[in-house]
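# Inside the fold
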Amino acid sequence: FNATWLLAVWSYLRSAFSDPGRVPDGWAAEVEEGYVEAEAVRAWRPFAATRCQRCQRDRPERAHHCRHCGACILRMDHHCPFIGNCVGFNNHKFFVLLCFYGSPPCLRFL
């Protein structure tokens, strides 16, 4: 019980306080080859970048703007109110581990 609880707390701290994967400033310069910008924002095109309507910056494919954090997040899943952070590219693993390690201690008290 104590081991899974400590692993759940560790996963919570890593998912809550790590960067979810904000879009870096110079990402387009790093991928000059194959960089295509999509015409329409609502029409999804594979391997095409779009422009965020809120922050007016180019963003890569599968990046979304979080209105709570005020930034575009790479591979954004959702903004979790329990951890107070977005679940994105950099902390998705720790969020899944939090759900996995947090379930047994919670079920024990039922």
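Residues numbered from 1 in each chain as written. Predicted model: local features only at pLDDT ≥ 70, side-chain atom pairs only at ≥ 80, totals over all residues. Heavy atoms only, no water.

### Description of the confidence of the model for the protein
When the pLDDT values of the protein are averaged, the result is 84; 84% of them are 70 or greater. Here helix α2 (residues 27–30) is the element of the protein with the lowest mean pLDDT, 69, and strand β6 (residues 85–87) is the one with the highest, 94. (pLDDT = per-residue confidence, 0-100. Helix = DSSP H or I, 4+ residues; strand = E, 2+ residues; numbered from the N terminus.)

### Brief notes about the state of the cysteines
Formally, a disulfide is one covalent bond, and it connects the sulfur atom of one cysteine to the sulfur atom of another. Evaluated as defined, the whole model comprises zero disulfides. In this structure cysteine 55 is not part of a disulfide, and its nearest cysteine sulfur, from cysteine 52, lies 3.5 Å away. The exposure class of cysteine 55 is partly exposed, given its relative accessible area of 27%. The closest cysteine sulfur to the non-disulfide-bonded cysteine 69 is located on cysteine 86, 3.4 Å from its own sulfur. (Disulfide = S-S within 2.5 Å. Buried < 20%, exposed > 50% of the residue type's maximum accessible area, 1.4 Å probe, protein only.)

### Some thoughts on the pattern of salt bridges
Within the structure shown, the criterion is met by three salt bridges. As a salt-bridge pair, aspartate 58 and arginine 51 come within 3.3 Å of each other at their nearest N and O atoms. (Salt bridge = Lys/Arg side-chain N within 4 Å of Asp/Glu carboxyl O.)

### Section: helix α3 (residues 92–108)
In a regular helix each residue adds 1.5 Å, so 17 residues correspond to 24 Å; α3 covers 25 Å between its end C-alpha atoms and thus fits that length. Its axis deflected by about 30 degrees at glycine 102, α3 carries its strongest bend there, up to four residues before the proline proline 104. Restricting attention to buried positions, one finds in α3 the residues Phe94, Phe95, Leu98, Tyr101, Gly102 and Pro105. Considering only its buried residues, α3 is in contact with α1 (2–17), β5 (78–80) and β6. (Expected span 1.5 Å × (residues − 1). Bend = angle between axes of the 7 residues up to and from the residue. Contact = heavy atoms within 4.5 Å.)

### Comments concerning the side chain of histidine 65
On the secondary structure map, histidine 65 appears in strand β3 (residues 63–66). Exposure remark for histidine 65: the relative accessible area of 15% places this residue in the buried category. Excluding its chain neighbours within four sequence positions, the residues that come into contact with histidine 65 are Cys52, Arg54, Cys55, Arg59, Gly70, Ala71, Cys72 and Met76.

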